[in-house]
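Architecture at a glance
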Amino acid sequence: MKSIFLTTAAFVFGTISVQAQSIEMGELGSASAYDPGTLSAVDGGLGSGLWSGTEATTAVRLIKNVPSDFNHPLARTLTRSALLSAGATPTGSDQDAFQTARLDAIIRIADMAAAQDIIARTPSFASDQQLDADLALTAGDITRACSISDQITQARSESYWMKLRAFCHVERGETAAAEITLDLLGSSGNTDKTYGALMRYLMKFPGTPSLNDINSTPLNMAMMAKSGLSWPSGKTPATLSAGIAMDSMSDPETRLKALMQAANALSDNQISEILNALGTDNMTANELAGGIEVMQSTGPNLDAALSSRSAKSFAQLFRIARENFGEDQLRAVTALLIRADQAGQFERFAQLLKPQLQAVSFDQLSPEMQPIISRAAVTRGDVIALQRIHTALSGQPDKQNRIALAADALGNGFFGGGLGTDIDKRLSSPSTRTRAIRDALLAHALGANLSDPALAALESKAALGSLSGEMMALKAASKRRAQAETALRAAQLLDDNMSDTKIYMITAALYDAGLTDQAAKLAAQDFLSGS
């Protein structure tokens, strides 16, 4: 029985050999009756019949379209629910293609701990040497990947193994052997110009390669890590960024930037370790111990940390948020969330700071803090926090009404009831009707009945939008209550600038498919964004 990497550190990517050596090894186990998953119902997992009503060919096509980055905060959540829930596979004969596509997508969204868990419980992956090599490359363990390549006999002429073998020759300084393998690749019809350009660069040929068509395959990531070149999009793949963030030899600003790119690929403990390191000065081991003792007695200065945009100030805000209470904690948490939001990692840090957010004193919320703290409550599905914020906003009815709508959405407050006095009142006024119509549509998508004012306002609209083929397919999946398919289709339609009709139809589709928590969160997020 062969071994593969089974710790969350497996996706830590770097060029330093000690990182690869620190990865633990485990044995492949047996599969359960269903395809294995890593999400429970509490974590957003779907039921065992999540693929019921979906053909395998359709599932494979949708899964292959899963991006590595998402255009809406809920899109990643929906995608993870579809990919990481345990259950029966889709109907049809393409079972192997489904399992492979699913695993590829899980790795693509940088959920490496989940990928390792699923691999360990799926027998069909146990003998997959290419998968084993890809995991080693993703972990930054080039030595192991090359060892696997050396053992290949029958499939040595396949393009994948020839590419890896040539890279291994370069890694070992075997230039002549690398050139021979590249010649064989060329004569076999290989047309991967990006791979060839990277190989020539690593072999010290003059010139900088054109990387316009590069993708984030494990081999490309290993080659890019060795080359030191920047990805053309300016955004390094999360699995590669994770290694940079964990690399204590990288400069602090580079590490923080990498952390913000790879936050979803890192555990809470890993993020804490990185920020703990960034919050201290570079010293010798003896000096560092003394420095920490001094910092513990005095603590970082909040005003100084707030006034700086450095990696160290971010790390010190994190420490203040965890160790202080009262107003200082609230100011630090708010600043962290704002900076995380600017880096596109609001949801990840709202979850990371959950204990601190639960300890917040809402009476101390300033007008500047309220929107970001409210968003964090919605991200966590925290109705109690929203109710406390609502109370703290006494005397500000417009803001209270937005909070109330979000709380009603998360608390299933619309099902079987009316739209509420606030929406009906705003529908009757031309100055507030535009936003009120959007709110009415969202409430209706969550099960509310349309009042006479709402019907009159909607009837006056000549058109609310057009129905695309993708939206029709989403509606059809929802009607079949095909939950995984509905989740993936919705995730691929979500963006930050949705029309009234688009967000209504996506919310209604999620709700009708039984994905009520996800529908509620989508509506609640939009309610908060309204004015």
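Here we summarise the structure given alongside this text. (Residues numbered from 1 in each chain as written. Predicted model: local features only at pLDDT ≥ 70, side-chain atom pairs only at ≥ 80, totals over all residues. Heavy atoms only, no water.)

**Brief notes about helix 8 (residues 142-150)**
Which entries qualify depends on this criterion: For the exposure calls, accessible area comes from a 1.4 Å probe over protein chains only, and a residue counts as buried if that area is under 20% of its type's maximum, exposed if over 50%, partly exposed in between. Labels follow the DSSP assignment, with helices taken as runs of H or I lasting at least four residues and strands as runs of E lasting at least two, numbered in each case from the N terminus. Taking the helix axis as origin, the arc is that swept by the directions to the C-beta atoms.
Here helix 8 has its buried residues at Ile142, Ala145, Cys146, Ile148 and Ser149. The arc enclosing the buried residues of helix 8, seen along the axis, measures out at 155 degrees, which places them on a common side.

**Here we look at the packing of helix 7 (residues 129-138) against helix 9 (residues 159-171)**
Put simply, the rule reads: What counts as an axis is a line fitted to C-alpha atoms, over the stretch in contact for a helix, and the angles between N-to-C directions run from 0 to 180 degrees. We call a crossing left-handed when the near helix sits turned anticlockwise from the far one by less than a right angle, and right-handed when that turn is clockwise. Here a residue-residue contact requires only that any non-hydrogen atoms of the pair lie within 4.5 Å. Amino acids outside the nonpolar list (Ala, Val, Leu, Ile, Met, Phe, Trp, Tyr, Cys, Pro) and the charged list (Asp, Glu, Lys, Arg) are all regarded as polar, and Gly is one of them.
Two elements in contact, helix 7 and helix 9, have axes whose closest approach is 11 Å; the angle formed by their N-to-C orientations is 35 degrees. Between helix 7 and helix 9 the crossing geometry is left-handed. Residues Gln129, Gln130, Ala133, Asp134 and Leu137 of helix 7 lie in contact with helix 9, whose contacting residues are Tyr160, Trp161 and Leu164. Here the contact of helix 7 with helix 9 is built from residues that sort into five nonpolar, two polar and one charged.

**Quick look at the pattern of salt bridges**
Threshold: Salt bridges are counted wherever a side-chain nitrogen of Lys or Arg sits within 4 Å of a carboxyl oxygen of Asp or Glu.
Enumeration over the complete set of coordinates arrives at 22 salt bridges. A salt bridge links Arg172 to Asp150; the shortest N-O distance between them is 2.6 Å. With Arg172 in the loop between helix 9 and helix 10 (175-187) and Asp150 in helix 8, this pair connects stretches of sequence that are 22 residues apart. On the basis of relative accessibility, which here comes to 40%, the residue Arg172 falls in the partly exposed class. By relative accessible area, which is 42% here, Asp150 ends up partly exposed. A single salt-bridge network, built from bridges that share partners, covers Arg402, Asp422, Arg426, Arg435, Arg438, Asp439, Asp500 and Asp526.

**Remarks on the state of the cysteines**
For clarity, the cut-off: Throughout, a disulfide means two cysteine sulfur atoms within 2.5 Å of one another.
Counting across every chain of the model gives one disulfide. Through a disulfide, Cys146 is tied to Cys168; the S-S separation comes to 2.0 Å. Across the S-S bond linking Cys146 and Cys168, the dihedral sits near -95 degrees, which makes this disulfide left-handed. Of this pair, Cys146 sits in helix 8 while Cys168 is found in helix 9, placing the two residues 22 residues apart along the sequence. Pair check on accessibility: Cys146 and Cys168 agree, each one buried.

**Quick word on the environment of Asp94**
Assignment of secondary structure puts Asp94 in the loop between helix 3 (73-84) and helix 4 (95-108). Between the alpha carbons of Asp94 and Ala59 there is a distance of 9.5 Å; along the sequence they are 35 residues apart. Beyond its immediate chain neighbours, meaning those up to four positions away, Asp94 contacts Ala56, Thr57 and Val60.

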